[in-house]
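For reference, the chains in residue letters:
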Amino acid sequence: MTLSKDSESRSPAVRQLRLVVEAEDYEAALAFYRDALGLPEQAAFSGGDGAHVTILDAGRATLEIANPAQKRMIDDVEVGRQVAPKIRVAFEVDDARATTDRLLSAGADQVAPPTVTPWQSLNARFDAPAGLHISVFQELRSLQERESLDGFGTEEGRQADAGTDS
């Protein structure tokens, strides 16, 4: 990934991405994401009237912005049909097959089994507690190896390449 001089010299304006999900069955969702998926508990708070929230550490966060054509292509590659709502939460794991087995045992509904994608990751899809549509993915190649694949790179890199074609 290529960063401009400006982005290298200044701190990011955003320090953390926190996805807040309302779960009708709070205990089941907590057990699934904390215990089965393995997200460590960072903090928990409770208030009056039975209010509870648990913050789970999901490691590094990114925000993936995809246009409708890309979303359709990802669904086609990973599932073979259009299934994802506008928001899908993806978790990078060390072993997608073992994680798939754990999540199925914990009650997730499998939408698609682990599938190798053109961008060289092993992805599986689930409908999970709290109404989330999720992916687990395992990178099969390093970022450097994947950057050489067709259609993989950064927007900045594609613009630079386009400028050298003329």
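Residues numbered from 1 in each chain as written. Predicted model: local features only at pLDDT ≥ 70, side-chain atom pairs only at ≥ 80, totals over all residues. Heavy atoms only, no water.

Caption draft 1: Spatial organisation of the pairing of strand S5 (residues 121-128). Of all eight residues in S5, seven are buried, a share of seventy percent or more. By the bridge criterion, five bridges tie strand S4 (residues 109-116) to S5 in an arrangement that is antiparallel. Across the sheet, the residue bridging to alanine 112 is arginine 125, located in S5. The hairpin turn running from S4 into S5, its antiparallel successor, is four residues long, and glutamine 120 in that turn takes a positive phi close to 65 degrees. Of the pairings in the sheet, the one linking S5 to strand S6 (residues 132-139) comprises eight bridges and is antiparallel in character. By the bridge assignment, leucine 122 is partnered in S6 with glutamine 138. With antiparallel pairing between neighbouring strands as the criterion, S5 and S6 make up a hairpin whose turn holds three residues, including alanine 130 at a positive phi of roughly 70 degrees. (Buried < 20%, exposed > 50% of the residue type's maximum accessible area, 1.4 Å probe, protein only. Helix = DSSP H or I, 4+ residues; strand = E, 2+ residues; numbered from the N terminus. Pairing = 2+ DSSP bridges.)

Caption draft 2: Representation of the sheet that holds strand S3 (residues 89-92) in the model. Ordered in space as S3-S6-S5-S4, the four strands form an open sheet in which the pairing is mixed. The outermost strands of the open sheet, each flanked by one partner alone, are S3 and S4. Taking the axes of each pair of neighbouring strands and ignoring which way they run, one obtains an average angle of 15 degrees across the sheet. (Axes fitted to C-alpha atoms, helices over the stretch in contact; angles between N-to-C directions.)

Caption draft 3: Layout of unusual backbone geometry. Residues other than glycine seldom take positive phi values, yet aspartate 49 does so here, at roughly 60 degrees. Tracing the sequence through the fold places aspartate 49 in the loop between strand S1 (41-46) and strand S2 (52-56). The exposed category is assigned to aspartate 49, whose relative accessible area is 88%. Not every positive phi belongs to a glycine, and alanine 130 is a case in point at roughly 70 degrees. Position of alanine 130 relative to the elements: it lies in the loop between S5 and S6. On the basis of relative accessibility, which here comes to 27%, the residue alanine 130 falls in the partly exposed class.

Caption draft 4: Representation of the packing of aromatic side chains within the structure. Inspection of every chain in the model, using the stated rule, returns one aromatic pair. When the centroid spacing of 4.8 Å and the interplanar angle of 80 degrees are considered together, the rings of phenylalanine 32 and tyrosine 33 count as edge-to-face. With respect to class, phenylalanine 32 is no different from tyrosine 33; both count as buried. (Phe/Tyr/Trp six-rings, centres within 6.5 Å; stacked < 30°, edge-to-face > 60°.)

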